[in-house]
Amino acid sequence: MFELPALTYEFGALEPHIDAKTMEIHHGKHHQAYVNNLNNAVKGNAAEGKSLEELMASISKHSMAIRNNGGGHWNHSLFWSLMSPTGGGAPEGKLAADITATFGSFETLKEQFNTAAATRFGSGWAWLLVHDGKLVVTSTPNQDNPLMDIAEVKGMPILALDVWEHAYYLHYQNRRPDYINAWWNVVDWKKVDALYQAAH
Ligand code: MN
């Protein structure tokens, strides 16, 4: 059975950038629903007993319910872990150097990432991922992610931003770009760096 991971910070810990009510509903209702629906969707078929990573890598062989809810579970589990009340600032060390080498500067990476997040039509996610040792910015629709065998751009995500309206509408209404800009203030670069090192 898949389970909702506990947050390592309080619902209100990311304020003023992400408000407590949004966090409470997003984690306790939306993510919990993905977990519940995923558990129901794998029951009694070939997906039962497989790990979430195994499901992502073979998602074309499974149902749309497993794609949507399995993706939802994996994506949100990563998303919570990449934010911290002590986040913000800029990456350091090899990650910072490789970002500069790849994009020209951290500011340019942010611009590319913000564009990917702002222009994803409807619901989806923006990603910074590692593919063949290289850093790549992309976005996916719905709850798809770059681990899925159906993804246009594949790789191991090290940074993820949820741009579904449920992630920001209570506080930011239709102002998705304001939410995106505010979110950089809670990015946990230590965690991103750890994922980057593990992805090499
Ligand atoms: Mn979400």
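Since the model is a prediction, treat every value here as computed from it, not as a measurement.

(A) View of the coordination of the manganese ion. Ligation of the manganese ion by protein atoms is provided by His26 (NE2), His76 (NE2), Asp162 (OD) and His166 (NE2), these donors lying 1.9 to 2.1 Å from the ion. Mapped onto the sequence, the donors of the manganese ion take the spacing H-x49-H-x85-D-x3-H. On the criterion of sequence distance, the pair formed by His26 in helix H1 (residues 20-42) and His166 in the loop between strand S3 (156-162) and helix H6 (169-172) is long-range, its members being 140 residues apart. Of the two residues examined, His26 and His166, each falls in the buried class.

(B) The layout of surface pockets, seen in detail. Here the largest pocket is characterised by a volume of approximately 220 Å³. Around the largest pocket, the lining residues are Ser84, Thr86, Gly87, Gly88, Ala90, Pro91, Glu92, Val187, Asp188, Trp189, Lys190 and Asp193. In terms of residue class, the lining of the largest pocket is made up of four nonpolar, four polar and four charged. Approximately 160 Å³ is the volume found for the second largest pocket. As for the second largest pocket, its lining consists of Arg120, Thr138, Ser139, Thr140, Pro141, Asp144, Ile150, Ala151, Glu152 and Val153. In the lining of the second largest pocket, the residues fall into four nonpolar, three polar and three charged.

So, how was this worked out
Residues numbered from 1 in each chain as written. Predicted model: local features only at pLDDT ≥ 70, side-chain atom pairs only at ≥ 80, totals over all residues. Heavy atoms only, no water. Donors = N, O, S within 2.8 Å, 3.2 Å for Na, K, Ca; no water. Helix = DSSP H or I, 4+ residues; strand = E, 2+ residues; numbered from the N terminus. Buried < 20%, exposed > 50% of the residue type's maximum accessible area, 1.4 Å probe, protein only. 1 Å grid on protein atoms, 1.4 Å probe; cavity = no way out; pocket = protein on both sides within 12 Å on 5 of 7 lines; lining within 4 Å. Points joined across faces, edges and corners; volume = space filled by probe spheres on them. Nonpolar A, V, L, I, M, F, W, Y, C, P; charged D, E, K, R; others polar.

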